[in-house]
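# Observations on the model geometry
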Amino acid sequence: MPTSDPVSDAEEVEELPPDRLRSLYREVSKIPPVYDRLILMVIDGLPAEFVLGRGNKPPTKNMMEAMPYTHSLLSSGKAAAYHAKAAPPTVTMPRLKAMVSGAIGGFLDVAFNFNTQAMLEDNLLEQFYRIGWKLVIHGDETWIKLFPRLFHRQDGVSSFYVKDTVEVDFNVSRHLEAEFASTDWNFLILHYLGLDHVGHIGGRQSILMAPKLKEMDDVIKRIHMNSILDQENSDSHTLLVVVSDHGMTDGGNHGGSSYEETDSLALFIGHGVEESNYSPYDHNEAFQVDIAPTLALLFGVPIPKNNIGVLLTKLFDSLTDDQRLRSLELNSWQLLRLLKAHLPGLHCGESSCYSCEKGLETNVPTSEAKQRLCYLFSKAISAHNSWQFRQHSDFISADINYFQVAAESYNDFLRNASEWLSHRATDKPVNVLMSAIIMMLVSSVLLMGIVFCLFRRVHFAQVGCCSQLEDPYKILHLDEVFVFIVIFLHVLSLGASSLVEEEQYTWHFLTSTLYLIFLSRTIESLLKRPNSVTLQNKDDKTVLPHSSPTDARNNSGHKFTKFRPSKINNHGTCRLFSVVVVLICGRLLRGWHQGGVNWIYLPDISKLLVHAGTSTIKVCQILSLFAIIILGSHAIFKLKSTTNFVYGVWSSLLLSAFLVMLHTMENHIYDLEPMNLSTTSIAQVFYVVASTSAVLTFLASPWIFPVYSMEKQMVYQVRSNSCSTKQRDSFLLSIRETTYLIGTTYTAFWCLLQLLIQQPINAIPILLIYLQILFSIIYFSADRSFHRQWVEVAAIYFLGLAGHFGLGNTNSLATIDVAGAFIGISSHSAVLSGILMFVITYASPSLSYLSMVMYIDMKDITFISSTHEYEWSIFLEKMIALPCLLPLLFNSLVLTSFTIILLLMRNHLFVWSVFSPKYLYVCAATVCVYIGVFIVAATGLYTYSVFCFRTRNPQEKCPQVLRDNVISHSQTNVISQ
Amino acid sequence: MGTARIGAAAASTLHSLCALGVAAAYFLAQRVCVLDLVAHPAQTLRLLLVIEAPITIGVYSWLRRDTHGCSVWKAIGRGLLALPVGAAINAFGAIVLGAPVGIKYWTVTAYWSLLMSLFTFVPAACAFGPSRMDWQRILSFSKLLDAVDYMISVPAYGAIIGAWIGAWPMPLDWERPWQEWPICVTYGAIAGYLTGMVASVVFIVALHRKVHAKGE
């Protein structure tokens with residue numbers, strides 16, 4: 001993770017009393033403060049486009065009408081406005097830091113956005129505090145967390161409850177009158193959050209947007225009337241700075257680096273600001289970091305040490321030429337000092353005037369950044385010197401010219417230095433990084449080794465006992481080769497920034513190709529199978545299925561044959577049908593959200609539905625709810641024994657579904673009412689019901705489920721002499737039934753939870769992912785050992801990842817759904833909301849891990865029943881180890897390789913906007929894999945041990961073997977982690 | 001003729017006939033009709049199809065396996081029937097893999113899948129007809145028997161793999177006109193098809209060597 005390290009080695013200012021310090025600053029800087037009071041009004045999430053328009057065009061008419069006063073100020077030239085480009089990540093806390101310190105912070109600030117620590121770097125507020133200013137803050141409590149001891153008076157509001165769009169702003173505005181009346185403050189910060197919340201709820205086009213803009217306009221009007229206009233002729237001057245920390249996408253989210261998100265506003269309204277000769281809607285490009293040096297120089301405090309911004313010259317027009325150049329010079333010196341910290345060998349600042357003149361003559365700047373910056377700096381200094389020289393020698397005629405040359409060369413240097421610094425990420429200690437990467441590599445190689453060992457043992461067990469694999473000695477089939485290709489291509493694609501941006505295409509393409517290969521193999525086996533009976537027969541249906549003793553045994557535990565109408569076991573058509581369903585669902589999922597960055601404006605199904613209106617979406621929601629319920633109950637009643645317990649599970653499923661439906665009916669997300677108590681309580685009841693029933697099923701079902709066919713054993717015993725084999729068979733069967741029930745419960749409840757908390761538009765995609773996973777499991781279970789097990793696990797894992805993007809997620813932080821994270825939470829809690837946000841974002845991968853529990857029981861375990869001394873260990877390895885370790889392996893490969901890629905790309909142009917957010921996603925996916933794998937492993941082990949305990953009496957040796965295996969398994973897990 | 005042993009020389013002649021068809025169509029499109037695959041994908045694909053279809057169907061009907069029970073005309077009829085069927089299969093594959101669906105793309109998708117059908121499905125249909133065994137052998141790509149098997153399967157797989165690889169540049173943000181569906185996919189398919197032809201000749205030579213070695 002690249003970070004920008006603050007420069008902290010500069011000498012400390014000795015502690016002076018504030019008054020002395022203030023006059024010292026004035027002496028040193030030779031610039032009198034232009035203003036003495038500052039009002040910083042932060043409007044969270046306001047895109048500059050709303051106020052200043054896009055390009056050179058004024059904003060839309062209703063935007064103009066929403067902010068009449070601001071526009072009158074702009075058009076009369078009393079305000080200077082900029083599109084202040086914000087750096088990604090466009091979330092509040094890092095942007096506030098950037099505004100007050102002028103530095104671009106580390107990307108990890110996103111993670112701390114909701115849990116802010118005090119800011120320690122040099123910043124404007126600290127400087128103002130030192131010169132004895134009184135600071136007042138009303139609004140977002142992030143400020144108070146950043147600067148805990150600086151404020152004279154404070155009233156924080158929480159930024160985390162996004163459903164509230166009225167109270168947050170009222171709580172700020174109610175202080176205005178009192179603050180206008182009092183004279184004790186010098187710096188007033190007003191941070192309005194309402195507009196950002198409006199965006200999160202309804203997007204840019206929300207019906208709440210215009211009233212909110214009007215409200216903001218009224219605040220600006222009141223401040224202007226009360227604090228600026230009445231000071232026209234007095235000595236003290238107040239500057240009002242209206243800024244936004246970031247913009248928002250059309251959907252109202254932010255975090256990424258698109259134009260809509262980074263286009264934030266900087267509006268300066270004050271006594272000295274006079275704009276007459278330009279149209280207010282010209283596209284004035286600036287950077288958000290430029291606010292810091294501008295304010296510092298306007299108010300006569302030192303520029304923060306880590307600032308990379310450049311002062312906005314237009315605001316210094318009221319000063320004399322000398323002072324203007326002096327301010328540019330101060331800014332240059334500050335940037336040069338920062339440059340020296342980054343480039344230790346830089347020594348051009350002290351160069352004498354002769355070399356400066358030489359520099360001026362040598363007109364060709366070298367490509368080396370160091371020399372180029374050096375050259376620009378010398379040029380600027382020399383131009384300044386020659387201007388001063390002319391000034392002193394009273395040679396007036398060329399004055400203006402020289403001034404312009406000096407100012408332009410300063411600006412040249414400042415812009416170049418600023419740009420260079422903004423792309424610069426300081427190098428971390430290489431040794432630490434390298435050792436970390438080597439450790440990651442070693443661990444993933446070890447994990448790979450373990451998986452391969454395991455695979456070989458399981459595989460040989462399979463080959464030894466089961467002749468169904470047609471070519472046991474053929475090393476690799478096409479599908480297996482392709483899984484390797486998928487991993488390889490995915491890792492490669494992480495190195496290309498545009499493929500990272502459009503990762504949804506990669507995953508859909510690769511997953512669909514894998515399933516197309518499955519399809520071709522199915523067709524191939526369909527073509528082959530009838531040949532064994534009759535060569536020339538062209539009609540599949542009249543052909544009797546190729547049956548073998550193994551098949552017959554498989555059918556005993558095979559639940560999904562009933563999915564097809566005909567009882568004639570034509571596995572082939574069943575498989576064909578399932579694969580085609582998976583493929584079609586995948587295509588629909590891909591068409592649902594036009595994700596990514598470059599083609600986001602193309603039409604897709606979700607836009608179509610949004611256009612069709614909320615009622616259509618609601619119908620879709622209810623339809624998918626019903627479909628999920630039908631599928632879930634169908635899956636549950638495929639169990640062979642339907643005890644009361646199963647009915648209990650089913651009824652709790654129905655109850656939860658009913659709650660979800662109630663919530664859907666009640667919920668009006670575009671309602672004016674900020675929070676709806678009834679929906680909140682419904683959601684809370686749902687959480688309780690769903691989690692209790694999932695946990696209860698997990699805990700109780702191994703105890704309640706009958707240990708199968710204890711009485712049938714007698715029959716077996718008579719019929720065949722291999723008592724123990726049959727006993728184990730029945731034992732396995734009950735374990736399988738249990739894990740199947742638990743898995744079905746997990747997945748069904750998970751889908752219901754997603755229906756509740758996802759955006760309404762995502763209801764159908766949830767259904768599609770559920771369908772895909774169910775039909776994959778049907779496909780894999782229709783004919784065991786058709787594919788090797790690890791291919792099947794990989795396929796489910798890939799489905800989960802493709803579904804992740806199908807739900808509209810991208811590798812930009814902007815698509816994280818913040819509004820959903822407050823469903824069912826009545827009071828503000830960062831932890832709960834964070835968990836919900838994680839659950840929403842990783843809905844699909846988690847579903848695929850949960851379905852592994854369901855998948856476990858679908859596998860061919862018949863070979864285990866052949867007598868083998870280590871059969872229990874093989875059983876455990878096959879049941880649990882491979883489905884757990886394989887996702888871990890894939891994930892560790894991706895994590896390791898992406899870490900290396902990020903390290904290599906740390907000076908890439910897109911390191912902040914593309915690679916760093918992706919790395920956050922990769923890290924979060926790692927957490928998700930760990931949680932999912934833990935659930936699978938825990939379920940499997942728990943079920944297994946309970947059954948061992950219950951059958952302890954008939955079989956004495958079982959627990960002993962089990963214990964060994966548990967130990968060995970946990971060791972494997974420890975190693976893998 | 002027919003199932004009689006096809007030597008490497010004959011195979012390469014037939015292949016070069018098909019390749020010449022592609023080249024001639026391309027040349028005709030470029031020079032005579034002033035069509036460009038990038039600018040006019042639908043028209044160019046149609047031209048390719050019209051020129052390539054008779055050549056392919058003719059060649060592989062001549063190569064049909066069951067020479068006695070099936071006349072050339074019947075094989076040609078099979079090929080004509082197989083063209084839309086194979087196109088449907090190819091279109092399904094392409095759409096499932098993410099080809100855009102929409103009225104705007106309907107014609108190009110149709111032409112592209114007809115062309116792909118010509119590369120993949122039609123030769124096998126002409127040569128094998130409804131024989132399950134042969135189809136299964138081609139699909140599994142194992143135990144290929146003779147030169148005809150190689151001549152049919154290797155270029156077909158080449159075309160599919162080429163098209164698959166050709167789809168990779170599509171999501172990149174290079175903003176080139178050829179990144180549109182189905183232009184780069186078509187280029188990939190044709191390149192793969194031609195490569196597959198060369199490869200199949202190599203395979204046939206190797207096969208004959210092996211057979212001769214066994215015979216001696």
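Residues numbered from 1 in each chain as written. Chains lettered and ligands numbered in written order. Predicted model: local features only at pLDDT ≥ 70, side-chain atom pairs only at ≥ 80, totals over all residues. Heavy atoms only, no water.

Going by an unreviewed UniProt entry, chain B carries the name Phosphatidylinositol-glycan biosynthesis class F protein and comes from Ananas comosus. As stated in UniProt under Subcellular location (unreviewed entry), the record for chain B gives "Endoplasmic reticulum membrane". Quoted verbatim from the Pathway (unreviewed entry) field of the UniProt record, the comment on chain B reads "Glycolipid biosynthesis; glycosylphosphatidylinositol-anchor biosynthesis." (UniProt positions renumbered as here; feature names shortened; annotations may be inferred.)

In the nomenclature of an unreviewed UniProt entry, chain A corresponds to GPI ethanolamine phosphate transferase 2 isoform X3 from the organism Ananas comosus. According to the UniProt record, the Sequence similarities (unreviewed entry) comment for chain A is "Belongs to the PIGG/PIGN/PIGO family. PIGG subfamily." Check the Pathway (unreviewed entry) section of the UniProt entry for chain A; it says "Glycolipid biosynthesis; glycosylphosphatidylinositol-anchor biosynthesis."

### Comments concerning the packing of aromatic side chains
All names here are of chain A. Scanning the entire structure with this criterion turns up 39 aromatic pairs over all chains. Judged by centre distance (5.6 Å) and plane angle (25°), the ring pair of Phe-518 and Tyr-779 falls under stacked. Taken as a pair, Phe-518 in helix α21 (residues 503-528) and Tyr-779 in helix α30 (residues 763-782) lie far apart in primary sequence, 261 residues in all. Note on Phe-518: relative accessible area 0%, which makes it buried. By relative accessible area, Tyr-779 is classed as buried at 1%. Arranged with centres 6.1 Å apart and planes meeting at 50°, the rings of Tyr-797 and Phe-798 form a pair that is tilted. (Phe/Tyr/Trp six-rings, centres within 6.5 Å; stacked < 30°, edge-to-face > 60°. Helix = DSSP H or I, 4+ residues; strand = E, 2+ residues; numbered from the N terminus. Buried < 20%, exposed > 50% of the residue type's maximum accessible area, 1.4 Å probe, protein only.)

### Remarks on the interface of chain B and chain A
Taken together, the 22 residues of chain B in the interface contact 34 residues of chain A. Among the residues chain B hides against chain A, the three largest losses belong to Leu-97, Arg-132 and Trp-168 of chain B. Together they make up 29% of the total. If you look at where chain B meets chain A, you find zero salt bridges. Counting across the interface, chain B meets chain A through six residue pairs in polar contact (both at pLDDT 80 or more). Contributing elements (two or more residues each) for the side of chain B that touches chain A: α3 (72-96) and α5 (132-140) of chain B. If you tally residues by element for the side of chain B that touches chain A, the top one is α5 of chain B, at six residues. (Contact = heavy atoms within 4.5 Å. Buried area = accessible area lost by both parts, 1.4 Å probe. Salt bridge = Lys/Arg side-chain N within 4 Å of Asp/Glu carboxyl O. Polar contact = N/O pair within 3.5 Å; in protein donor to acceptor, adjacent residues only side chain to side chain.)

### Details of unusual backbone geometry
Following Trp-181 of chain B, the chain continues into Pro-182 of chain B via a peptide bond in cis, with omega recorded as -5°. Along the chain, the position of Pro-182 of chain B falls in the loop between α6 (147-166) and α7 (183-215). The residue Lys-30 of chain A is not glycine, and still its phi comes out positive at about 60°. Relative to the elements of secondary structure, Lys-30 of chain A occurs in the loop between α1 (18-29) and β1 (37-43). The exposure class of Lys-30 of chain A is exposed, given its relative accessible area of 56%.

### Some remarks on the pattern of salt bridges
All names here are of chain A. Tallied over the full model, the rule gives 25 salt bridges over all chains. In this structure, Glu-179 and Arg-153 form a salt bridge, with 2.6 Å as the shortest nitrogen-oxygen distance. With Glu-179 in helix α9 (residues 176-181) and Arg-153 in strand β4 (residues 151-157), this residue pair connects regions lying 26 residues apart in the sequence. Here the salt bridges share partners, and the residues they tie into one network are Glu-49, Arg-54, Arg-204 and Glu-260.

### So, α6 of chain B
Across its 20 residues, α6 of chain B extends 28 Å between first and last C-alpha, which sits within 8% of the 28 Å expected from 1.5 Å per residue. Where burial is concerned, most of α6 of chain B is hidden: 16 out of the 20 residues are buried. (Expected span 1.5 Å × (residues − 1).)

### A few points about the pairing of β1 of chain A
Here is the key point about a regular strand: its side chains alternate between the two faces of the sheet. Residues and elements named next belong to chain A. Burial of β1 is extensive: seven of the seven residues sit out of reach of the surface. Along β1, one buried face is formed by Arg-37, Ile-39, Met-41 and Ile-43 and the opposite face, lined by Leu-38, Leu-40 and Val-42, is buried too. Where β1 lies against strand β6 (residues 238-243), six bridges are found, and the strand directions are parallel. The residue of β6 that forms the bridge with Ile-39 is Leu-240. When β1 meets strand β5 (residues 187-192), the two strands line up parallel, connected through six bridges. In the sheet register, Val-42 faces β5, and the bridge partner there is His-191. (Pairing = 2+ DSSP bridges.)

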